[in-house]
Amino acid sequence: LLVRHVIVERFQLSLALAHAQGTPFGIILVQLTDFEHVADLHGRVVADKLLTVAAERLQAATSETDTVGRVREHEFAMLVPILRSVDELASRASRLHERLTAPVSVPGLPDVFRLAVHVGSATYPRDGENWPSLLKAVDERLRASRMQMS
């Protein structure tokens, strides 16, 4: 997976293209929660395997034009530069959440495991017109997602 600075570079390219064409694009952030608890309880090898499963599932959910990468320790970003409509991003974020929380069997765990995941999304230009403003909108949605799960 790509790293944060490449995601930001691709974001800038997507922003320029969307601005020039007058089209929306989106960003989805995926946060794996309770990950340190899993590592403490089951060991780093099991935690790394779960991280790999999450990354593979993210990659499988991308289209040819999407970019996915790791932006923080347990957080991934997906740039969706081509959207037919603003509502398409919410639908994709929901499907991504379903895919990531599907049961997984991991050596070292006695039963199937479900990743604890929060997903947030934001769309240019509705939710912001630059990296900081879109990231703020996504973070607010991630926070709201966490509050709903509490």
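One structure accompanies this document, and this report is about it. Given the structure is predicted, the values throughout are model-derived calculations rather than measurements.

Analysis parameters
- Residues numbered from 1 in each chain as written.
- Predicted model: local features only at pLDDT ≥ 70, side-chain atom pairs only at ≥ 80, totals over all residues.
- Heavy atoms only, no water.
- Helix = DSSP H or I, 4+ residues; strand = E, 2+ residues; numbered from the N terminus.
- Rg over C-alpha atoms; globule rule 2.2 N^0.38 Å.
- Buried < 20%, exposed > 50% of the residue type's maximum accessible area, 1.4 Å probe, protein only.
- Contact = heavy atoms within 4.5 Å.
- Areas by Shrake-Rupley, 256 points an atom, 1.4 Å probe, with all protein chains shown as cover.
- Axes fitted to C-alpha atoms, helices over the stretch in contact; angles between N-to-C directions.
- Left-handed = near helix turned anticlockwise from the far one by under 90°.
- Nonpolar A, V, L, I, M, F, W, Y, C, P; charged D, E, K, R; others polar.

1. As for the overall build of the chain
So, step 1. Scanning the chain for helices and strands turns up 5 helices and 5 strands.
So, step 2. Seen in sequence order, the chain has helices and strands lined up from the N terminus as β-α-β-α-α-β-β-α-β-α.
So, step 3. Relative to its length of 150 residues, the chain is compact, with a C-alpha radius of gyration of 16 Å against a globular reference of 15 Å.
So, step 4. Reported as C-alpha extents along the three principal axes, the dimensions of the chain are approximately 50 × 30 × 25 Å.
So, step 5. By residue count, 47% of the 150 residues in the chain fall in the buried class.
So, step 6. Here the contacts in the chain between residues at least 6 apart in sequence split such that 68% fall between residues at least 24 apart.
So, step 7. Counting every atom, the chain has about 8100 Å² of accessible surface; 53% of that belongs to carbon and sulfur.

2. Observations regarding the packing of helix α3 (residues 44-60) against helix α4 (residues 86-100)
The axes of two packed helices give the description: the angle between them and the distance between them.
So, step 1. One way to put it is that α3 packs onto α4 with a least axis distance of 10 Å and a crossing angle of 145°. Here the hand of the crossing between α3 and α4 comes out right-handed. Counted together, A54, R57, L58 and A60 of α3 and L96, R99 and L100 of α4 form the full contact between these two elements.
So, step 2. Along the lines of polarity and charge, the residues of the contact of α3 with α4 split into 5 nonpolar, no polar and 2 charged.

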